[in-house]
Amino acid sequence: MASSWTREQNKKFEEALALYDENTPDRWQRVARAVGDGKSVEEVRRHYEALVRDLVRIESGQIPLPNYRGSDQSDETNR
């Protein structure tokens, strides 16, 4: 069962991934420690794998990018 992640935990997770790249010894232990809040190494690793799967689906066009207000192409051409 997947554990829930707060916005703050996700932010810490992203910052830790930027700090500890794939060549970092004990990367997942370090990321889990940086996230804190009792997240285990396995939870952190599964969260990363889910992120990678989502990115692959987005990049392959399987998931459309959201249309944020103001990011519409017509907004850009009307300026």
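In this text the structure is predicted, and so the values were computed from the model without any measurement. (Residues numbered from 1 in each chain as written. Predicted model: local features only at pLDDT ≥ 70, side-chain atom pairs only at ≥ 80, totals over all residues. Heavy atoms only, no water.)

Student: How would you summarise the pattern of salt bridges if you had to cite specific residues and measurements?
Tutor: With the rule as written, the count across this model stands at three salt bridges. Among the salt bridges present, the one from Glu42 reaches Arg45, with a minimum N-O distance of 3.9 Å. Of the two residues, Glu42 and Arg45 are both situated in helix H3 (residues 41–59); the distance of three residues between them amounts to about one turn of the helix. On the basis of relative accessible area, Glu42 is assigned to the partly exposed category, the value being 38%. The exposure class of Arg45 is partly exposed, given its relative accessible area of 30%. (Salt bridge = Lys/Arg side-chain N within 4 Å of Asp/Glu carboxyl O. Helix = DSSP H or I, 4+ residues; strand = E, 2+ residues; numbered from the N terminus. Buried < 20%, exposed > 50% of the residue type's maximum accessible area, 1.4 Å probe, protein only.)

Student: Pulling in residues and values, what's your account of the packing of helix H1 (residues 7–19) against H3?
Tutor: One can describe the packing of H1 onto H3 by two numbers: an axis separation of 12 Å at closest approach and a directional angle of 85 degrees. What the angle tells us is that H1 and H3 run roughly perpendicular. The residues of H3 that touch H1, namely those facing Asn10, Phe13 and Leu17, are Val44, His47, Tyr48 and Leu51. (Axes fitted to C-alpha atoms, helices over the stretch in contact; angles between N-to-C directions. Parallel < 35°, antiparallel > 145°, perpendicular 65-115°, else oblique. Contact = heavy atoms within 4.5 Å.)

Student: Account for H1, naming residues and giving values.
Tutor: With 13 residues, H1 extends 18 Å between its outermost C-alpha atoms, agreeing within 8% with the 18 Å of an ideal straight helix rising 1.5 Å per residue. Of the residues making up H1, those classed as buried are Gln9, Phe13, Ala16 and Leu17. Buried residues of H1, seen end-on, are gathered within an arc of 100 degrees and therefore sit on one face of the element. Those residues of H1 that are exposed and angled more than 90 degrees off the buried face are Arg7, Glu8, Ala18 and Leu19. (Expected span 1.5 Å × (residues − 1). Arc of directions from axis to C-beta.)

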